[in-house]
Amino acid sequence: MSDMRLVVAGAGGRMGRTLVKAISETKGLALAGALEDARSPLIGWDAGTLAGISENGVKLIADPSPLLDKAALKADGIIDFTAPSATISYAELAAKAGIVHVIGTTGLSAADEDKIKAAAKSAVIVKSGNMSLGVNLLGALVRRVAKTLDDEFDIEIVEMHHNKKVDAPSGTALMLGHAAAEGRGIDLEKRSVRSRDGHTGARKPGDIGFVSLRGGSVVGEHSVIFAGPAERIELVHKAEDRMIFARGALKAAVWARTQKPGLYSMTDVLGLGDF
């Protein structure tokens, strides 16, 4: 099979640059294009130069049409860690072109999720709040532990990220929350506690609490705490380099290349559905 041609959306950002570098280091993959917001001062820059590798001749552009137009398709997939509005646009383009779309964007609304589901009727979409292989294994463990332990064990999720992150709780924290809720057989939206301040009263059994910390240059740290009578279980993941998210996203893209149109997650990619 020929090299998989990938477009990196948000190629000027921290995650985009990491993806460009990861593609250059991965056999069987090729960088087909680099997209960036039209307002970015990086338009026209070489993607390789920005990624800290040798110049590769792929310039950052704003218009995705030359890359994703079905009539002259130059890509097999697009990797997207951008913003909700951009992600929805890319999902629609991926659907029209019938290509792979790997989504690592967080902060998506319910309406955004519906649009992605609609696009997945024609595109192979892999979406996850975190592309790290370790975090997705953690999610499977959280689901299993939550299923095993009853309401005597309170569930609290603590996350910390760098001071530039704009959404809270993090997409990963919410992903872990959904895993815990699935294990307990409850609706996270109805049992989620996002903040506590003042006289809140006693904690309600069965609730899943979230705490978000922001500061410095922390890539990402997540803890899921199961606190029971006289004992506590803590499941922890600490990310030290954004490359772990890039490698996971590329693994997802390669896996998705042979799948039928639909909406998938990293659980599907890693075969953790029955764990």
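That block above? That's the structure.
Worth saying up front: this structure is predicted, and the values here are computed from it rather than measured.

Student: Describe in detail the pairing of strand S2 (residues 29–35), supporting the description with residues and values.
Tutor: Two faces make up the sheet, and in a regular strand the side chains alternate between them. Counting buried residues in S2 gives five out of seven residues, a clear majority hidden from the surface. Both strand S1 (residues 4–9) and S2 contribute to a ladder of six bridges, which runs parallel. By the bridge assignment for S2, Val7 is matched with Gly33. Handedness of the S1-helix H1 (residues 14–24)-S2 crossover: right-handed. Relative to strand S3 (residues 60–61), S2 runs parallel, the two sharing two bridges. The residue of S3 that forms the bridge with Leu35 is Ile61.

Student: Break down the pattern of salt bridges for me, citing the residues and quoting the values.
Tutor: Counted according to the given criterion, the structure contains 13 salt bridges. Among the ionic pairs, Lys165 bridges to Asp167, the shortest N-O distance being 3.1 Å. Accessibility expressed as a relative area gives 16% for Asp167, which makes it buried. Because the salt bridges share partners, they merge into one network encompassing Asp154, Glu156, Arg196 and Arg203.

Student: Account for unusual backbone geometry, with residues named and values stated.
Tutor: Here the amide bond leading from Ala168 into Pro169 is cis, since omega sits at -10 degrees, within 30 degrees of zero. One can find Pro169 in the loop between strand S7 (154–161) and helix H7 (171–184). Of note, the phi angle at Ala230 is positive, near 70 degrees, even though the residue is not glycine. Its place among the elements puts Ala230 in the loop between strand S10 (220–228) and strand S11 (231–239). Ala230 sits in the exposed class, given a relative accessible area of 90%.

Student: Please give an account of the pairing of strand S6 (residues 124–127) that cites residues and values.
Tutor: Residues of S6 alternate between two faces, with Val124 and Val126 on one and Ile125 and Lys127 on the opposite face, all of them buried. With four bridges joining them, strand S5 (residues 100–103) and S6 adopt parallel strand pairing. By the bridge assignment for S6, Ile103 is matched with Lys127. The parallel pair S5 and S6, bridged by helix H5 (residues 110–119), forms a crossover whose chirality is right-handed. Alignment of S6 against strand S12 (residues 262–264), held across three bridges, turns out to be parallel. When the bridges of S12 are listed, Val126 appears paired with Tyr264.

Student: Report on the sheet that holds S11, specifying residues and quantitative values.
Tutor: Ordered in space as S8-S9-S7-S10-S11, the five strands form an open sheet in which the pairing is mixed. This sheet does not close on itself; its edge strands, each paired only once, are strand S8 (192–193) and S11. Bridge analysis of S7 against S10 gives seven bridges, and the strand direction is antiparallel. Paired with Ile157 across the bridge in S10 is Val224.

Student: A description of the nonpolar core should follow, citing residues and the corresponding values.
Tutor: Grouped together as the largest cluster of nonpolar side chains are 38 residues, with contacts concentrated most on Leu6, Leu19, Ile79, Val102 and Leu250. Going through the elements one at a time, S1, H1, S2, helix H2 (47–50), S5, S6, helix H9 (243–256) and helix H10 (266–270) are the ones with two or more residues in this core. Top element by residues in this core is H9. It accounts for eight residues. Once residues lying within four places of it in the same chain are set aside, the contact partners of Leu6 are Ile23, Leu29, Ala30, Leu31, Ala32, Gly33, Gly77, Ile79, Leu250 and Ala253. Within the second largest apolar cluster, 21 residues are counted, among which are Leu68, Ala95, Ile99 and Ala123.

Student: I'd like to hear about the sheet that holds S6, residue by residue, with values.
Tutor: An order of S3-S2-S1-S4-S5-S6-S12 is seen for the seven strands of this open sheet, with the pairing classed as parallel. Strands at the two margins of the open sheet, each flanked by one partner only, are S3 and S12. Running at roughly 145 degrees to S6, H5 makes contact with S5, S6 and S12 of the sheet. Lying over the sheet, H9 contacts S1, S2, strand S4 (77–80), S5, S6 and S12, oriented at roughly 155 degrees with respect to S5.

Student: Residues and numbers for the packing of H1 against H9, please.
Tutor: The axes of two packed helices give the description: the angle between them and the distance between them. Look at H1 against H9: their axes get within 9 Å of each other, and the N-to-C directions meet at 60 degrees. Comparing their axes, H9 and H1 come out oblique. Along this stretch, H1 crosses H9, giving a crossing that reads as right-handed. Counting all contacts with H1, which are made through Met15, Thr18, Leu19, Lys21, Ala22 and Ile23, the residues of H9 involved are Met243, Phe245, Ala246, Ala249 and Leu250.

Student: Break down the side chain of Ser40 for me, citing the residues and quoting the values.
Tutor: When you line up the elements, Ser40 lands in the loop between S2 and H2. A distance of 3.1 Å separates a polar atom in the side chain of Ser40 from the backbone nitrogen of Leu42.

Rules behind the numbers
- Residues numbered from 1 in each chain as written.
- Predicted model: local features only at pLDDT ≥ 70, side-chain atom pairs only at ≥ 80, totals over all residues.
- Heavy atoms only, no water.
- Buried < 20%, exposed > 50% of the residue type's maximum accessible area, 1.4 Å probe, protein only.
- Helix = DSSP H or I, 4+ residues; strand = E, 2+ residues; numbered from the N terminus.
- Pairing = 2+ DSSP bridges.
- Right-handed = clockwise from strand over helix to strand, strands pointing away.
- Salt bridge = Lys/Arg side-chain N within 4 Å of Asp/Glu carboxyl O.
- Core = buried A, V, L, I, M, F, W, Y, C linked by side-chain atoms within 4.5 Å.
- Contact = heavy atoms within 4.5 Å.
- Axes fitted to C-alpha atoms, helices over the stretch in contact; angles between N-to-C directions.
- Parallel < 35°, antiparallel > 145°, perpendicular 65-115°, else oblique.
- Left-handed = near helix turned anticlockwise from the far one by under 90°.
- Polar contact = N/O pair within 3.5 Å; in protein donor to acceptor, adjacent residues only side chain to side chain.

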